[in-house]
Amino acid sequence: MIELSKKIKDKIDLLCERFPDDRKRSAVIGALHLVQHENKGYLTAELMNEVAEHLSLPTMHVYEVATFYSMFNTKPVGRHDVAICTNISCMLRGAEELVSYVENKLDIKLGESTADGKIFLKKEEECLAACCGAPMMMVDHHYHENLTKEKIDKILGDLD
Amino acid sequence: MKDIKKNLVCFNTFDAKESWTYKTYREYGGYEAWEKIIRGELSPEEIIEEVKASGLRGRGGAGFPTGLKWSFMPRTVEGQKYLVCNSDESEPGTCHDREVLRNNPHTLVEGMAIAAYAMGATVAYNYIRGEFIEEPVPRFEAAVKEAYKHGLLGKNIRESNIDFDLHTFVGAGAYICGEETALLESLEGKQGKPRFKPPFPANYGLYGKPTTINNTQSLASVPSIIRNGAEWFKNIGVENAGGTAQFSVSGHVEKPGNYELPMGTSFKDLLEICGGVLGGRKLKAVIPGGSSVPVMPAANIMDCTMDYDSLQKAGSSFGTGAVIVMDESTCMVNVLRRISRFYMAESCGQCTPCREGTGWLYRMLTRIVAGQGEMEDITKLVEVANKIEGHTICALGDAAAWPVQSFLKHFHHEFEYMVKNKGESIVSVKNEVAA
């Protein structure tokens, strides 16, 4: 995708209705979510420029948001976003061992994508607020809790 | 163990099959309070007095009295005013707002409507963390839609002259946006960097307009207070802490989970409800209110009740009610290192003591764990923490400092042992002996 589709532009306009007329900037985060979702999980400078133009904002207002928030990727990533929480509650329940297990299984390190472009293993994922189901991971926004190695095998194996 | 009542307020619909629907919520008395207000039977002043009398305190971590906070809004001044709900739940260990959003969203919708009316706000945003996009966000939005459909939200609601519009805002991953002024910046479409205070949001908030930000659980508690009365709510809890708390109990317990229990429930009872320490092992330490609050050795928390005053008196804080339990096999140096990495990663970077200091803390702890620590590193950790605490715009700096100070106060010997033994943990030796 090099330019915003009509569908995306319409969705952004719908988002803008939630805010006062002169406060379109409030829609930047929502717009970037929409664009990233359509563009295989990452943002490009061209697309960010288009968002800026559509919302009548300086491009910097879009870049600074895209680089501040951890859910936005500004480099190409694998199709499936896998984020294993390693924060304290998950750590106490063995998350670090699971990270090593997944790294070995996929033969990549945190922050890398598999060579076939299938899986992106998110770097240093922080607490995702599912601490009572620790250890947990998020795969394409879906929460998987009470993980074991067997469960991980099944979840990753089911990805296309 | 005495009979402890569960799920009295925010989780009150949880025993229903589809606890999140409008139909279920009505069966539990939902929207009765809001309808009473729409009928003109309760004034904003009366609502604020009721919430003040209920003893409800902010559940986001600071514990500020909710009714008092509401009274700071210049309610009668002309112009747009806003209410914002903070559902950016990301304090490590905390996961109960997610339960409210998924399983009882209508109580939050009703609570927001009541709060907005009491403060003269006609528009509200619920700021929900981005990672909640798949389940909590749609559940909440569906509840909002149902409420509109039944004529409970919108313009001139049931010809009452009350306007109230409620929107969802989805974040994009930044712990700092849980800080209320960073959250406002984020709502305005900017980087989540906390603002200097004063001016406080009640005077200069979203888009420069008077704004009040309340936590999910605080707002979700409001309908029960109005429906059942301040006395009812107050009497559930203890002195200085009305109502219930949602405890997210995680770590080394047999049955981790979210438990809504009366404020002032004893720690012993809470631990028993959670099935005790994992594997019957010995309790070592507890972080009672999310990773930012000081850690407590087992002996210090054993006789505490879980409320603001008791935990503060024992040297920690109620925080968010996220109880992280650690058994005897836990290496405290490793845990502190992990906590420190979190604050380094999440520092927004605008205050030098926090931006630089959190990195120092993490790197020194990493050095100690790698077996390259010096004794002077241990002293330096506390020095750096002390230099961050109180020297930053927002409380993230303090939150980074308190774990370091408390871990070193209570578990100094573990750090010394690791430095002296080139990275070997005191527990690995004990664990070997035990095995």
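Position labels on residues start from 1 in each chain and follow its written sequence. The lettering of chains begins at A and the numbering of ligands begins at 1, in the order of writing. Restriction of local features to residues with pLDDT of at least 70 applies here, the model being predicted, together with a cutoff of 80 or more for giving and counting side-chain atom pairs; totals for whole chains, interfaces and linings are based on all residues.

**Q** Help me get a handle on the overall build of chain B, residues and values and all.
**A** Each helix and strand counted, chain B has 19 helices and 11 strands in total. Referenced to the eigenvectors of the C-alpha coordinate spread, the extents of chain B come out at roughly 75 × 50 × 40 Å. Three exposure classes are used, based on other C-beta atoms lying within 10 Å of a residue's own C-beta, which is placed from the backbone: buried for 20 or more, exposed for 12 or fewer, and partly exposed in between. Buried positions account for 58% of the 435 residues belonging to chain B. Each helix corresponds to a stretch of at least 4 residues labelled H or I by DSSP, and each strand to a stretch of at least 2 residues labelled E; elements are numbered beginning at the N terminus.

**Q** Go over the overall build of chain A, please, and point to the residues and values.
**A** Check the secondary structure of chain A and you find seven helices and four strands. Element order for chain A, N to C, with α for helix and β for strand: α-α-α-α-β-α-α-β-β-β-α. Projected onto its principal axes, the C-alpha coordinates of chain A cover approximately 50 × 35 × 25 Å. Looking at chain A as a whole, 41% of its 160 residues qualify as buried. Residues are scored as being in contact if the C-beta atoms we place from backbone atoms lie within 7 Å. Of the contacts made within chain A by residues no fewer than 6 positions apart, 57% connect residues no fewer than 24 positions apart.

**Q** Which residues make up the interface of chain B and chain A, and what are the values?
**A** Interfaces are often described in size by the accessible area the parts lose on coming together. Each partner contributes residues to the interface: chain B has 45 residues there, and chain A has 34 residues. Every element with two or more residues in the side of chain B that touches chain A is listed here: β3 (165-170), α8 (180-187), β5 (244-251), β6 (257-262), β11 (322-327) and α14 (332-346) of chain B. With six residues, α14 of chain B is the single largest residue contributor to the side of chain B that touches chain A.

**Q** An account of the sheet that holds β5 of chain B is requested, with residue identities and associated values reported.
**A** Residue and element names in this part refer to chain B. Criterion used throughout: strands pair if DSSP finds at least two bridges between them. With respect to topology, five strands assemble into an open sheet ordered β6-β5-β11-β8-β9, the strand pairing being mixed. Looking at which strands have only one partner, the edges of the open sheet turn out to be β6 and β9 (296-297). When strand β8 (residues 283-287) meets β11, the two strands line up antiparallel, connected through four bridges. Paired with valine 286 across the strands is valine 325, a residue of β11.

**Q** Run through the domain arrangement of chain A, naming residues and quoting values.
**A** Assigned domains within chain A: domain 1 (6-68) and domain 2 (80-157). The domain limits used here are those given by an automatic or database domain assignment. Taking the mean C-alpha position of each, domain 1 of chain A and domain 2 of chain A sit 29 Å from one another.

**Q** Give a description of the nonpolar core that names residues and reports values.
**A** All names here are of chain B. If you look at the biggest cluster of nonpolar residues, it comprises 188 residues, and the most contacted ones within it are Val84, Met112, Ile114 and Ala124. The element contributing the most residues to this core is helix α6 (residues 105-119), with 10 residues. Setting aside residues up to four positions removed in sequence, isoleucine 114 forms contacts with Ala33, Trp34, Ile37, Ile47, Val222, Pro223 and Ile226. For our purposes the nonpolar core covers buried Ala, Val, Leu, Ile, Met, Phe, Trp, Tyr and Cys residues that link as a set through C-beta atoms within 7 Å.

**Q** Could you give an account of the pairing of β11 of chain B, with specific residues and numbers?
**A** Of all six residues in β11 of chain B, six are buried; the element is thus mostly enclosed. Both faces of β11 of chain B are covered, namely the face carrying Ala322, Ile324 and Met326 of chain B and the face carrying Val323, Val325 and Asp327 of chain B.

**Q** Outline the pairing of β8 of chain B, supporting the account with residue identities and numerical values.
**A** Residue and element names in this part refer to chain B. In terms of burial, β8 is largely enclosed, as five of its five residues are buried. Looking at chain direction, β8 and β9 are connected through two bridges and run antiparallel. Looking across to β9, one finds that valine 286 is bridged to methionine 296.

**Q** Requested: an account of the sheet that holds strand β1 (residues 82-87) of chain B, with residues and values cited.
**A** Residue and element names in this part refer to chain B. In spatial order, the strands read β3-β2-β1-β4; together these four strands make up an open sheet with parallel pairing. In this open sheet, the two strands that pair with only one neighbour each are β3 and β4 (211-215). Strand-to-strand twist across the sheet, computed as the mean angle between neighbouring axes with direction ignored, equals 20 degrees. Whenever a helix is involved, its axis is fitted only over the stretch in contact; in every case the axis is a line through C-alpha atoms, and angles between N-to-C directions fall within 0 to 180 degrees.

**Q** A description of the packing of helix α16 (residues 375-388) of chain B against helix α17 (residues 396-410) of chain B should follow, citing residues and the corresponding values.
**A** Residues and elements named next belong to chain B. Put simply, α16 and α17 touch, their axes get as near as 8 Å, and they point 150 degrees apart. Between α16 and α17, the angle falls in the class roughly antiparallel. As α16 runs across α17, the sense of the crossing is left-handed. On α17, the residues touching Ile378, Leu381, Val382, Ala385, Asn386 and Ile388 of α16 are Gly397, Ala400, Ala401, Val404, Gln405 and Leu408. Classification used: nonpolar for Ala, Val, Leu, Ile, Met, Phe, Trp, Tyr, Cys and Pro, charged for Asp, Glu, Lys and Arg, polar for all others including Gly. Residues of the contact of α16 with α17, tallied by class, amount to nine nonpolar, three polar and no charged. Any angle that falls under 35 degrees is termed roughly parallel, while one over 145 is termed roughly antiparallel, one within 65 to 115 roughly perpendicular, and all others oblique. Should the near helix be turned counterclockwise from the far one by less than a right angle, the crossing is left-handed, whereas a clockwise turn marks it as right-handed.

**Q** Tell me what's going on with the environment of alanine 285 of chain B, and back it up with residues and numbers.
**A** Residue and element names in this part refer to chain B. In this fold, alanine 285 is placed in strand β8. For alanine 285, a count of 25 C-beta atoms within 10 Å corresponds to the buried category. Distance from alanine 285 to alanine 298, taken between C-alpha atoms, is 4.7 Å for residues 13 residues apart in sequence. Leaving out residues up to four positions away in the same chain, alanine 285 has contacts with Val295, Met296, Pro297, Ala298, Met326 and Met332.

**Q** Before we move on, could you go through helix α3 (residues 44-54) of chain B and cite the residues and values that matter?
**A** In an α-helix, one full turn covers 3.6 residues, which means residues spaced three or four apart are oriented alike. Residues and elements named next belong to chain B. What α3 keeps buried is the set Ile47, Ile48, Glu50, Val51 and Ser54. Seen along its axis, α3 keeps its buried residues to an arc of 160 degrees; they face one direction. Where the residues of α3 are buried, they touch α4 (66-71), α6, α9 (216-228) and α10 (230-236). Trailing α3 by a residue or two, glycine 55 shows a phi angle of about 75 degrees, which is positive. This arc is built from the directions going out from the helix axis to the C-beta atoms.

**Q** Quick rundown of unusual backbone geometry? Include the residues and the values.
**A** Geometrically, the link from alanine 134 of chain A to proline 135 of chain A is a cis peptide bond, its omega value of -5 degrees lying close to zero. Mapped onto the fold, proline 135 of chain A is located in the loop between β2 (119-121) and β3 (137-139). In this structure, asparagine 7 of chain B is a non-glycine residue whose phi angle is positive, near 55 degrees. Note on placement: asparagine 7 of chain B falls in the segment before α1 (22-27). The class of asparagine 7 of chain B is partly exposed, set by 17 C-beta atoms lying within 10 Å. The backbone of glutamate 159 of chain B shows a phi angle near 55 degrees, a positive value even though the residue is not glycine. Along the chain, glutamate 159 of chain B falls in the loop between α7 (136-149) and β3. By C-beta crowding, glutamate 159 of chain B is classed as exposed, having 8 other C-beta atoms within 10 Å.

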